[in-house]
Amino acid sequence: MEEAEKGKTSRYLRDKKGVSEEARENLKKFTRIRKSILDALKEGEMTIAQLSQKLSMPGHEVVFYLMTLVKYGQVQTGEIDDMDEYYSYKLKK
Amino acid sequence: MADNIKTSSYDALVIGAGIAGGEAALNLANNGYSVLLVEKDLSVGGKMILLSKVFPTLDCAACITTPKVSEISRHPGITIYTGSEVRRVVKKSENNFEAEVVKHPRYVIEDDCTACQLCEQACPVVVKDQYQYNLVGRKAAFIPFSIASPRVAAIDIENCTLCGACEKVCPTKCIDFTMEPEEFLVSVGTVIVATGFRLFDPLNMPRYGYGEYKNVLTSMEMERQLAPTRPFNTILRPGDGKMPDKLAYVLCTGSRDATVGNPICSQICCMYSIKQAQLLMGALPMADVTIYYINIRSFGKGFEEFYEQAKGMGVNFIKGKIGKITEKENGNLVLRYEDINENRLREAEHDMVILSVGVLPNPDAASIFQGEELKLDHLNFIGQARPLANPSETSIKGVFVAGTASGPMDIPDSILSAGSASSEAMSYLIRKG
């Protein structure tokens, strides 16, 4: 077995076993959704319901991906509405 | 035997590093015995480390678990294999067991990882975070959770696209995709089985709508929402991000129900639901919380007072059996239930429903024992040879059971059970069989 260079071993495993189609598709899906959410929030703060309507995406999918973007620091939570029901979300500066 | 199989020996093998397995390992090591602690997950701590608070004291679960886990991890007498499994155990003679253990590759050199999380930031892949019960995503290069032990990154190789972004940013060059599974042949004097329990999967009760109705959660999903390291910034409905204000708990979901194959009481659901209800009253002061129950079983020390405390805080208790849950267009949920006290059918609307899922056996450990059979009881928990005289004995002399592997129990009882199992294991080692 050819020894892989330290710090560049991903190529070794890629050549050996390849990457599953499912993993590729999952990455494409997340990249597309991430871009659509971030583009929508460039226009201003939005609630999950508003994002869901704008992106024609089910609410639970918006919750999952938006909260993931909050977790990884690309989006931040804004104010809650007057009815204390929905938070708005905005791009993290 | 293949050349790449490594051999070693210990006084004891403990299978499962949840709170019971960890406690048993610690007791043995504190008495001078060498212990191999094998955990299939990437972290020590089991389910307890993921809880918010514990009943009936409302102590922070992490504050209890973390020092214990740290003590286990740092103990010179305990060797820990995480991300590993025991494939086979054979009893050769008294005080002489042989175990095959496989350590799955983490693709990170544990000793070199500083938990800087730069790999996590660089990784472009997002998948469901199993440590947050799929409520939020995590990366394919990830630290399991903030208080994981070891706090070391891992690569989810099934979902990794092998783009190399993590390797490029790693300051210590500790990511290594050339790692292969390691096999070990281990000789031990005694074995403790602490493989814990499984939670009931409510997909097996379609009438409650779990999976289909996104605002129907399990109690573990709510537990994560209440934990300090929660997936959202507050309590939210996963269906649309609304802050709920009328929540319902459905007790005995998958417990005391022969139709789903679990006729017994899970012993913990009443109290963890009452605990969560109290925490919700604190997190959402304006919310109504209703608990639908068949019987409240507050049998332990301080449990009845804890139940009374919840009632005093305003938690609504309805003696009712839920027949069906349906969803309205706005995501609210209509519970159709039998009001047991009034002997009437009723309906009630809530905006979030939490299913208090029960405890199921994890019988996997039995199949790894070859030669002598590790017997299960009639419910598929690890069988106790003498449940009254010596609850930690199993059907194999020298193999002991700790914690919920033997049946439903709460955290203090799991720790007591681990104490019993470790004492019996030491006695077995001293007696030489």
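Structure's up top.
Residues numbered from 1 in each chain as written. Chains lettered and ligands numbered in written order. Predicted model: local features only at pLDDT ≥ 70, side-chain atom pairs only at ≥ 80, totals over all residues. Heavy atoms only, no water.

Caption draft 1: The interface of chain A and chain B, seen in detail. With 35 residues of chain A at the contact, the number on the chain B side is 43 residues. In total, chain A and chain B occlude about 3,100 Å² of area from one another, counting both sides; carbon and sulfur atoms represent 61% of this. Where chain A meets chain B, there are two salt bridges. A:K71 is the salt-bridge partner of B:D129, the closest N and O atoms lying 3.1 Å from each other. (Contact = heavy atoms within 4.5 Å. Buried area = accessible area lost by both parts, 1.4 Å probe. Salt bridge = Lys/Arg side-chain N within 4 Å of Asp/Glu carboxyl O.)

Caption draft 2: Quick peek at the packing of helix α5 (residues 219-226) of chain B against helix α6 (residues 269-283) of chain B. All names here are of chain B. At a minimum axis distance of 11 Å, the contact between α5 and α6 shows a crossing angle of 35 degrees. For the crossing formed where α5 meets α6, the hand is left-handed. Of the residues in α6, those in contact with S219, M222, E223 and L226 of α5 are Y272, K275, Q276, L279 and L280. (Axes fitted to C-alpha atoms, helices over the stretch in contact; angles between N-to-C directions. Helix = DSSP H or I, 4+ residues; strand = E, 2+ residues; numbered from the N terminus. Left-handed = near helix turned anticlockwise from the far one by under 90°.)

Caption draft 3: Just the side chain of B:S422, in detail. Residue and element names in this part refer to chain B. Mapped onto the fold, S422 is located in helix α8 (residues 411-431). When its relative accessible area of 0% is taken as the criterion, S422 is described as buried. Polar contacts involving the side chain of S422 include one to the main-chain carbonyl oxygen of G419, which spans 3.0 Å. Sequence-distant contacts of S422, defined by excluding residues within four places in its chain, comprise A24, N27, L28 and I192. (Buried < 20%, exposed > 50% of the residue type's maximum accessible area, 1.4 Å probe, protein only. Polar contact = N/O pair within 3.5 Å; in protein donor to acceptor, adjacent residues only side chain to side chain.)

Caption draft 4: Quick look at the pairing of strand β3 (residues 87-91) of chain A. Residue and element names in this part refer to chain A. Pairing analysis gives two bridges linking strand β1 (residues 46-47) to β3, with the strands arranged antiparallel. Paired with M46 across the strands is Y89, a residue of β3. Across four bridges, strand β2 (residues 75-80) lies against β3 in antiparallel orientation. Opposite I80, over in β3, you have Y87 as the bridge partner. What sits between the antiparallel neighbours β2 and β3 is a turn of six residues, in which D84 has the positive phi angle 55 degrees. (Pairing = 2+ DSSP bridges.)

Without other data, these values stay purely geometric and don't point to any function.
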